[in-house]
Protein chains: 2
Amino acid sequence: MSICGKNLVAGEWSGTTTGGFTAFHAINNEPMNIEFADATEQEVETAILQAAQAFESYSQLPTQERATFLRAIGDEILALGDELVEMACAETGLPAARIQGERGRTVGQLAMFANMIEAGEYQAIIEHAQPNREPLPKPDTRLGYLPLGVVGVFAASNFPLAFSTAGGDTASALAAGCPVVMKAHSAHPATAELVALAISRAITKCQLHPGVFSLLQGKNYGIASQIVKHPKVKAVGFTGSERVGMILQRQIHERAEPIPFYGELGSVNPQFIMANKLAQDTQNIAQELVNSLLMGQGQFCTSPGIWVYPDDGHAAMFEQAAADAIAATEAGVMLTPEIATTYKNCVQQWQEIAGVRLLAQGKQGAEHFCTAALFATDFATFKANAMLSEEVFGSSALLVRVGNTEEMLELVDMLKGNLTASIHALDSDLSDCQRLAIPLAHKVGRLIYNQMPTGVEVCASMNHGGPFPASTDIRATSVGGEAIKRFQRPICYQNMPIELLPDLLKD
Amino acid sequence: MSICGKNLVAGEWSGTTTGGFTAFHAINNEPMNIEFADATEQEVETAILQAAQAFESYSQLPTQERATFLRAIGDEILALGDELVEMACAETGLPAARIQGERGRTVGQLAMFANMIEAGEYQAIIEHAQPNREPLPKPDTRLGYLPLGVVGVFAASNFPLAFSTAGGDTASALAAGCPVVMKAHSAHPATAELVALAISRAITKCQLHPGVFSLLQGKNYGIASQIVKHPKVKAVGFTGSERVGMILQRQIHERAEPIPFYGELGSVNPQFIMANKLAQDTQNIAQELVNSLLMGQGQFCTSPGIWVYPDDGHAAMFEQAAADAIAATEAGVMLTPEIATTYKNCVQQWQEIAGVRLLAQGKQGAEHFCTAALFATDFATFKANAMLSEEVFGSSALLVRVGNTEEMLELVDMLKGNLTASIHALDSDLSDCQRLAIPLAHKVGRLIYNQMPTGVEVCASMNHGGPFPASTDIRATSVGGEAIKRFQRPICYQNMPIELLPDLLKD
């Protein structure tokens, strides 16, 4: 299948690749021979207006048909076969097994949302009239939910399938009844085109309005501004850096009409190892944390970036075990050369902070590879350097020794919001865990016990979000069944005749 | 009981009334002999820090005890007796029967939230581990909700009880587990003090941390800024004008950490009278709309401000009936002299718009009274003047004749967001209603059939919110059971031992 490099604008492949940009082969560290168009202002406008047009019919589509559409997207993604896997591997440098797993997760996520809306799109509340109530009669009132309208979605660099073109934001918006205008990530435009092709085939198969989904390519920041500022866009989903996310947030703040912005921006995912656990499982816990850190070269939003443990007789052994594991690590390719450069600069900067010690580094590799790094420090240094609480995107972690549980709690208090935190403990650590768990819960979207933060289960009870900067909207999750609700809003129907009620609100 | 005029700062009555402001007697149109303190920067800071302190214990309080506290507030409000009613009447000019009804609603609302959290604070989702699942085991994951933290609440002028000190925002935040820092409305500071006294008595009775509730008095805008910008404030509730609401919204946008802002800002609550209904119930529907418009001198957020109907043989008779009803109306006192002046200016401005006809006015009254007004126009004029879609706070409505259902739909398309809209129709109007109901639903938070918009039922299926500017957060309601969820956020607990789980998430 040949990649055309164009934008998918409401069913039409549109644009000229001249003057656009080139796909990049992450492993070979060189441009691929595929040119891509930068979406023009007119194309962005058309995509949004067509999406608004499509909303009229798509928002009224019976949930059964919406579910069929979601499953059709999954089928078409699978039908792309090995080409999709090969292209995603080439563009991101991630191994085939990981991409295959991510494809399974993406298709599974579409199916989960399909199952959910089929089982009942939302939980209606129906309260019948009480005409004889004193002092006033009670009217018939029924609470339902409406889709918000056109949703703008921005793809993430680190999950070319699960958080990109047909990823969680797209799948949940479509499940909610909202058309999607997608901005592809410029680090994997060909992968995005293939998935968009799958979605457009599903649209055709299900005979939907082609405005239900558009894919816009480009490296031009103006495309993003145009999407988030457009009056017909009623919600935005974004996964990426705090820097870019906050640029979008500020632009959204300038709108006349406020809209929800669901940005997932970053997280250090602190790991707390309690005293008895540290003593008993010294080697194991070090090895497991290193394994978690190395997944996808640390380019997971749930990568364990800060490890906290008591400064006791086992601390040195724990650090040595972690250092040994890191030292044996091969370097690996990063998602883009820019990400590799930023990572290297961060590692360099940290080495220059007084009181921070480079504990170990992995093996060196090519210029665009990530060399894993472990830093160690004490609590006083951590307290004095706000920078040490910031995310480093890549396989680097900071190990912090604390004097006692009070210092551990003080560290928790200093943390910004996170997607996750883990407590590693034995039964005998319970009383310390009880002190830690409550304040730590208020800093995270997911609190984990004796498991690693990487690997987000896609299920109804998942929460992938958290206090800022983990999320710009603390009340929202981008993974799990509740993700659909981000793109719907309540409406009360009062005294409505049956003919004017949505099906779910009929008796 | 004498009014002290001070701020309630975490259980202490604090401040000096010298240099502050004076309560105002709405009916007599003159200052009352009660001085009030403007809260100082230090008092605001203390109230917020004490609230943050109180959050530690209050957020952990068993829901049964939280429910007991809410009911105790209701009991203490009732125990204030006639003094509360008299004071609220004096400060707002609203009649005693209305204030008594509002007190009942306020106490009932506290009881409703108490019942709801007792029945189960939220719906937990528990998904057990599947250790043998392929290709990867599924961890135990449980979705629960945490209160957000300190909530800043701003009282409304037009509901001195139900949307003020112990109103919906306060009650739902307290129900959610969040301490409240309340900015009283300067139009009814003595009423606010009495209700704050009731809350502080309930705090003492229930032996809670006094930081759970503070009341700040003042006319100084700096108080509001300080509250909404404070890092320890994690959500804000506001009911008031679009102008003031958007000032707060912009200040909230400048925060480093984004927080939810639940502003309810204004609504014209359009009324659509279909052809057969207009023909059959000409007089009745006119009278009922006038009655709804006149409630509380039109100072209801759900007041019917725009009436739309076909330009057919019954239109003139309908207008005449409405004009006659209005002409017979006595003038009435408004909430404040400033509101009366703004209302008069709006009515004056409208009279100067070409194509807008003053259909009728109610009787004249004192300077600070509201004289009801009906304006009539055609669709072309309505389309050409964006100002005609804006809310006039007071008993003024605009009657718009439309040529046909297409024009009615075009008018719907032009509307900004509204709290409510009503469709008035007969069975024989059904096909037109079906065309109207879907686009109209997307413009409102509550869609009503053959009933008036005034009178918001307090029940689990109510939605009081809507697209902007009805609400700054389209996904939130300020009335009804779902209001609690505004002040909570999801958290997933993964693989947690039973001892570290909140009660609701235990098996």
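Residues numbered from 1 in each chain as written. Chains lettered and ligands numbered in written order. Predicted model: local features only at pLDDT ≥ 70, side-chain atom pairs only at ≥ 80, totals over all residues. Heavy atoms only, no water.

In the annotation of an unreviewed UniProt entry, chain A is listed under the name Aldehyde dehydrogenase and assigned to Thalassotalea marina.

Visitor: Looking at this structure, how should I read the overall build of chain A?
Guide: Helix and strand counts for chain A come out as 15 helices and 21 strands. Rg of the C-alpha trace for chain A: 24 Å, near the compact-globule value of 23 Å for 507 residues, within the 12% margin. Taken along its principal axes, the extent of the C-alpha atoms in chain A is 75 × 70 × 40 Å. Residues classed as buried in chain A amount to 62% of the 507 residues present. Contacts spanning at least 24 positions in sequence make up 76% of the contacts within chain A whose residues lie at least 6 apart. Summed over its atoms, the accessible surface of chain A is roughly 17,700 Å², and 51% of this surface lies on carbon and sulfur atoms. Of the side chains in chain A, 34 bear a positive and 53 a negative charge, and the two mean positions are spaced by 4 Å. (Helix = DSSP H or I, 4+ residues; strand = E, 2+ residues; numbered from the N terminus. Rg over C-alpha atoms; globule rule 2.2 N^0.38 Å. Buried < 20%, exposed > 50% of the residue type's maximum accessible area, 1.4 Å probe, protein only. Contact = heavy atoms within 4.5 Å. Areas by Shrake-Rupley, 256 points an atom, 1.4 Å probe, with all protein chains shown as cover. Lys, Arg positive; Asp, Glu negative; His and termini not counted. Charge placed at Lys NZ, Arg CZ, Asp CG, Glu CD.)

Visitor: For this particular structure, what's the right way to read the interface of chain B and chain A?
Guide: Accessible area lost when the parts come together is the quantity often used to give the size of an interface. Across the contact, 67 residues belong to chain B and 67 residues belong to chain A. Summed over both partners, the interface of chain B with chain A comes to about 5,700 Å²; 57% of that surface belongs to carbon and sulfur atoms. Counting the contacts that link chain B with chain A gives two salt bridges. A salt bridge links Arg 133 of chain B to Glu 457 of chain A; the nearest nitrogen and oxygen atoms lie 2.6 Å apart. At the boundary of chain B and chain A, one finds 35 residue pairs in polar contact (both at pLDDT 80 or more). Looking at the side of chain B that touches chain A, the elements with two or more residues in it are strand E5 (125-127), strand E6 (141-147), helix H8 (242-253), helix H15 (430-441), strand E20 (444-449) and strand E21 (488-494) of chain B. Relative to E20 of chain B, strand E21 (residues 488-494) of chain A runs parallel, the two sharing three bridges. From the neighbouring strand, Tyr 493 of chain A faces E20 of chain B, where its bridge partner is Leu 447 of chain B. (Buried area = accessible area lost by both parts, 1.4 Å probe. Salt bridge = Lys/Arg side-chain N within 4 Å of Asp/Glu carboxyl O. Polar contact = N/O pair within 3.5 Å; in protein donor to acceptor, adjacent residues only side chain to side chain. Pairing = 2+ DSSP bridges.)

Visitor: It is not clear to me how the pairing of strand E13 (residues 306-310) of chain A should be interpreted in this structure. Could you clarify?
Guide: Consecutive side chains of a regular strand alternate in pointing toward one face of the sheet and then the other. Residue and element names in this part refer to chain A. E13 sits mainly inside the fold: five of its five residues count as buried. Burial of E13 is two-sided: the residues Ile 306, Val 308 and Pro 310 facing one way and the residues Trp 307 and Tyr 309 facing the other way are all buried. Two elements, strand E12 (residues 271-273) and E13, share two bridges in a ladder whose sense is parallel. Paired with Gln 271 across the two strands is Trp 307, which belongs to E13.

Visitor: What should I look at first to understand the relation of the copies chain B and chain A in this one?
Guide: Think of it as a corkscrew move, a rotation about one axis and a shift along it, taking one chain copy to the other. Each copy superposes on the other: chain B lies on chain A with an RMSD of 0.0 Å after a rotation of 180° and an axial shift of 0.0 Å. Look at the turn and shift together and you get a two-fold axis relating the two. When each C-alpha of chain B is compared by its distance to the rotation axis, His 253 of chain B comes out closest, at 3.3 Å. (Least-squares fit on C-alpha atoms with pLDDT ≥ 70 in both.)

Visitor: What is the right way to read the environment of Ala 470 of chain A from this model?
Guide: All names here are of chain A. Turning to its location among the elements, Ala 470 is positioned in the loop between strand E20 (444-449) and E21. With 314 residues separating them in the primary sequence, Ala 470 and Ala 156 have C-alpha atoms 14 Å apart. In this structure, Ala 470 is in contact with Gly 263, Glu 264, Leu 265, Gly 266, Gly 417, Asn 418, Leu 419 and Gly 465, ignoring residues within four places of it in sequence.

Visitor: Whenever I open this one, the pairing of strand E7 (residues 150-154) of chain A confuses me. Can you help?
Guide: All names here are of chain A. Counting buried residues along E7, five of its five residues qualify, which places the element largely inside the surrounding structure. Taking every second residue as pointing to the same face, both faces of E7 are buried, with Val 150, Gly 152 and Phe 154 on one and Val 151 and Val 153 on the other. Where E7 and strand E10 (residues 233-239) come together, five bridges link them in parallel fashion. In the strand pairing of E10, Phe 154 is matched with Phe 238. One ladder, built from four bridges, connects E7 with strand E8 (residues 180-183); its direction is parallel. Pairing of Val 153 across the sheet is with Met 182, part of E8. One crossover worth recording links E7 to the parallel E8 by way of helix H5 (residues 168-176), and it is right-handed. (Right-handed = clockwise from strand over helix to strand, strands pointing away.)

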